[in-house]
Amino acid sequence: VQLVESGGGLVQPGGSLRLSCAASGFTFSNYFMSWYRQAPGKERELVASITGAGRSTDYALSVKGRFTISRDNSNNMVFLQMNSLKPEDTAVYYCQCYLGREYWGQGTRVTVSS
């Protein structure tokens with residue numbers, strides 16, 4: 001199992017970013033996928049999840065209405081569209097799945113600052 005995130009960077013408050021996660025080594029469409037984040041000095045927290053077929057999603061209250069999780073099962077990709085970004089969204093964002101145990105990507109850093 002391999003998860004590789006990309007798309008992080010520096011963005012001004014109110015801006016947007018789209019994170020991508022490329023998955024390999026398992027039957028992607030069979031599994032929930034999630035995005036987590038870890039801000040400096042804080043514990044890792046769940047941001048958003050999506051079911052295998054992509055029909056159901058769930059979000060942390062702090063990002064609901066601003067972030068959208070989606071997936072492309074043809075290309076084994078999961079995305080996180082982040083709009084109206086705030087400084088408190090600054091964190092390292094991780095792609096995660098559970099196949100008997102948790103698997104994590106290496107993370108992609110998002111910095112929201114003017």
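Residues numbered from 1 in each chain as written. Predicted model: local features only at pLDDT ≥ 70, side-chain atom pairs only at ≥ 80, totals over all residues. Heavy atoms only, no water.

### With respect to the pairing of strand β8 (residues 77-82)
- Here β8 lies mainly inside the structure; five of its six residues are buried.
- Relative to β8, strand β7 (residues 67-72) is paired through six bridges, and the arrangement is antiparallel. Its bridge partner being in β8, S70 is matched across the sheet by F79.
- Connecting β7 to the antiparallel partner β8 that follows it, the hairpin turn spans four residues, and N76 within it adopts a positive phi of roughly 55 degrees. (Buried < 20%, exposed > 50% of the residue type's maximum accessible area, 1.4 Å probe, protein only. Helix = DSSP H or I, 4+ residues; strand = E, 2+ residues; numbered from the N terminus. Pairing = 2+ DSSP bridges.)

### Regarding the packing of aromatic side chains
- Evaluation of the coordinates by the stated rule reveals four aromatic pairs.
- Centroid distance F26 to Y31: 5.8 Å. Interplanar angle 70 degrees. Geometry classified as edge-to-face.
- Centroid distance Y36 to W104: 4.9 Å. Interplanar angle 70 degrees. Geometry classified as edge-to-face. Of the two residues, Y36 is situated in strand β4 (residues 33-38) and W104 in strand β10 (residues 102-104); the sequence distance between them amounts to 68 residues. (Phe/Tyr/Trp six-rings, centres within 6.5 Å; stacked < 30°, edge-to-face > 60°.)

### Here we look at unusual backbone geometry
- One non-glycine residue, N76, adopts positive backbone phi at about 55 degrees.
- Of note, the phi angle at S84 is positive, near 50 degrees, even though the residue is not glycine.
- Locating S84 in the fold gives a position in the loop between β8 and β9 (91-98).

### Re the environment of Y98
- Tracing the backbone shows Y98 in strand β9.
- A distance of 3.0 Å separates a polar atom in the side chain of Y98 from the backbone oxygen of G100. (Polar contact = N/O pair within 3.5 Å; in protein donor to acceptor, adjacent residues only side chain to side chain.)

### Structural notes on the nonpolar core
- Membership of the largest hydrophobic core comes to 30 residues, with the highest contact counts inside it found for L3, M33, W35, V78, L80, M82 and Y93.
- Put simply, the parts of the chain that give this core at least two residues each are β3 (17-24), β4, β5 (45-50), β7, β8, β9 and β11 (108-112). (Core = buried A, V, L, I, M, F, W, Y, C linked by side-chain atoms within 4.5 Å.)

### Observations regarding the pattern of salt bridges
- Inspection of every chain in the model, using the stated rule, returns three salt bridges.
- A salt bridge links E45 to R37, with the shortest nitrogen-to-oxygen separation between them at 2.6 Å.
- Where R66 meets D89, a salt bridge forms, and the shortest distance between an N and an O atom there is 2.7 Å. Residue R66 is found in the loop between β6 (57-59) and β7, and its partner D89 is found in the loop between β8 and β9; the two are separated by 23 residues along the sequence. (Salt bridge = Lys/Arg side-chain N within 4 Å of Asp/Glu carboxyl O.)

### What to know about the state of the cysteines
- All told, the structure shown has one disulfide when counted by the stated rule.
- One disulfide bridge connects C21 with C95, the sulfur atoms lying 2.2 Å from each other. Judged by the torsion about the S-S bond (-80 degrees), the C21/C95 disulfide is left-handed. On the criterion of sequence distance, the pair formed by C21 in strand β3 and C95 in strand β9 is long-range, its members being 74 residues apart. Taken as a pair, C21 and C95 share a single burial class, namely buried.
- Of all cysteine sulfurs in the structure, the one in C95 sits closest to C97, which takes part in no disulfide; the separation is 6.9 Å. (Disulfide = S-S within 2.5 Å.)

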